[in-house]
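Here is how the chains run, residue by residue.
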Amino acid sequence: MTIPADFDFSRYDRIRPIQWTGDALQLLDQRKLPFVVENVLCSSSDEVAEAITALTVRGAPAIGIAAAWGVVLAARSVQAADGAQALVALQPAIDRLNASRPTAVNLAWALARMSAALGRAGADWLDVVEAEAAAIAREDLAANHAMGALGADLIAAGSGVLTHCNTGSLATAGFGTALGVIRAGVATGRIGKVYAGETRPWLQGARLTVWELSQDGIDPTLIADSAAAHLMKTGAVQWVIVGADRICANGDTANKIGTYQLAIAARHHGVKFMVVAPSSTVDMSTAHGDEIDIEERDPGELYGVGGVRTVAEGIAAWNPVFDVVPAGLIDAIVTERGVISAPDAAAMAAAFASA
Ligand code: MRU
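All values reported here derive from a predicted model rather than from experimental measurement.

A. Geometry of the environment of Asp298. As for its position among the elements, Asp298 is in the loop between strand 11 (282–283) and strand 12 (304–305). For the pair Asp298 and Trp211, spaced 87 residues apart in sequence, the C-alpha separation works out to 25 Å.

B. Quick look at the packing of helix 1 (residues 45–53) against helix 3 (residues 83–98). Relative orientation of the contacting elements helix 1 and helix 3 amounts to 10 degrees, with a least axis distance of 9 Å. Overall, the two elements helix 1 and helix 3 adopt an arrangement that is roughly parallel. Listed contacts from helix 3 to Ser45, Asp46, Val48, Ala49 and Glu50 of helix 1 are Ala93, Arg96 and Leu97.

C. Structural detail: the environment of Thr259. The topology assignment puts Thr259 in helix 9 (residues 259–269). Taking the C-alpha atoms as reference, Thr259 lies 11 Å from Leu329; in sequence the two are 70 residues apart. Setting aside residues no more than four positions away along its own chain, Thr259 makes contact with His164, Val242, Phe273, Asp323 and Val325. Looking at Thr259, its side chain comes within polar contact range of the main-chain oxygen of Lys256, at 2.5 Å.

D. Structural detail: helix 6 (residues 178–187). Counting buried residues along helix 6, eight of its ten residues qualify, which places the element largely inside the surrounding structure. For helix 6, every residue scored as buried is listed here: Ala178, Leu179, Gly180, Val181, Ile182, Arg183, Ala184 and Gly185. Positive phi appears at Gly189, one or two residues downstream of helix 6, with a value of about 80 degrees.

E. Spatial organisation of the sheet that holds strand 4 (residues 159–163). Pairing is mixed in the open sheet, where seven strands are placed in the order 6-5-4-7-10-15-16. Two strands bound the open sheet, and with one partner strand each, they are strand 6 (221–223) and strand 16 (338–341). Direction aside, the axes of adjacent strands within the sheet are offset by 25 degrees on average. Taken together, the four bridges between strand 7 (residues 239–242) and strand 10 (residues 272–276) define a ladder with parallel strand orientation. Its bridge partner being in strand 10, Val242 is matched across the sheet by Val275. On top of the sheet, helix 6 reaches strand 4, strand 5 (191–197), strand 7 and strand 10; it is set at about 155 degrees to strand 5, its chief contact. Strand contacts of helix 9: strand 4, strand 7 and strand 10, with the helix running at about 145 degrees to strand 10, the strand carrying the most contacts.

F. Focus on the UniProt feature "binding site: substrate" (unreviewed entry) in the protein. Here the UniProt-annotated "binding site: substrate" (unreviewed entry) positions come out as Arg58, Gly59, Ala60, Arg101, Gln204, Asn255 and Lys256. Within the secondary structure, Ala60 is located in helix 2 (residues 60–75). Note on Ala60: relative accessible area 3%, which makes it buried. On the secondary structure map, Lys256 appears in strand 9 (residues 253–256).

Rules used in this analysis
Residues numbered from 1 in each chain as written. Predicted model: local features only at pLDDT ≥ 70, side-chain atom pairs only at ≥ 80, totals over all residues. Heavy atoms only, no water. Helix = DSSP H or I, 4+ residues; strand = E, 2+ residues; numbered from the N terminus. Axes fitted to C-alpha atoms, helices over the stretch in contact; angles between N-to-C directions. Parallel < 35°, antiparallel > 145°, perpendicular 65-115°, else oblique. Contact = heavy atoms within 4.5 Å. Polar contact = N/O pair within 3.5 Å; in protein donor to acceptor, adjacent residues only side chain to side chain. Buried < 20%, exposed > 50% of the residue type's maximum accessible area, 1.4 Å probe, protein only. Pairing = 2+ DSSP bridges. UniProt positions renumbered as here; feature names shortened; annotations may be inferred.

Here's what the structure looks like:
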């Protein structure tokens, strides 16, 4: 690996979307980017749950981290002798947070981890939950740095890459998953050109990814989602690199709507397809992609752009916001534990027997 362990990633990673102030959760409002850079403060777990549902904070690892801090906020109004007692009192708040979005497993994973820490805690349970939320965020950042190095190592010098949605610092504790690999790849000369799809209808690519990369001195090129197959045909990209919201026991991977068609087009054109996600995104209890609850959002998201209506009144619309890439279309799944090439149930079981 050419990236030294003490490589200074900070130049490529300046944005922090989730910050604990000591008594509130500060979220960079992703609904308003890129033209309004504004934070919102959540002072209760209900406000955190609302922020997750409304996409004020978004991205699989980020919503897990935010939910963990939501538990800390709820804990502050609970009186209990130990963690087990506190867990009973906090269950309604935990359930509400868990229901705030359905597809990304990081949310349930973080809440299970917070619940387990509470279950073990004694009289100092309030300190324990706060330390656990901080650990979840810290470990996510470390996982992203590790995945950046592992993923970049798969890419030949001077390659072009295409990414989808936003998987960067905005979607994580920092650095990003797929965007972390892209940052590491650019930093080490493995990636010479970065393309980002707009990611209709919420425009995570157009509003967030290209802004985030440009903040860090990386120069992306935006494409319409519908230009992806044509881009691949030109030979300009050697890898499609995406994140994940849930990776099943057989390697099937849910990610932002449009990822599936990118994987099909990539295979057709001989372009490699990489999924980058921390082990908190792996769900060994879900056997395959058909079992994943795919979030459907308000069809109104399809009726316009930037608040301007573009569709005639009275038109029906269907708005699933994730899809599933079958494992057979994935060349590599990169987690902080290592690289799984040509993932299938056996390879996943070998890597995540304890997940
Ligand atoms: O609806 P979103 O914006 O939360 O969807 C985000 C994605 O699909 C990301 O690609 C995924 O969460 C990976 S983020 C590191």
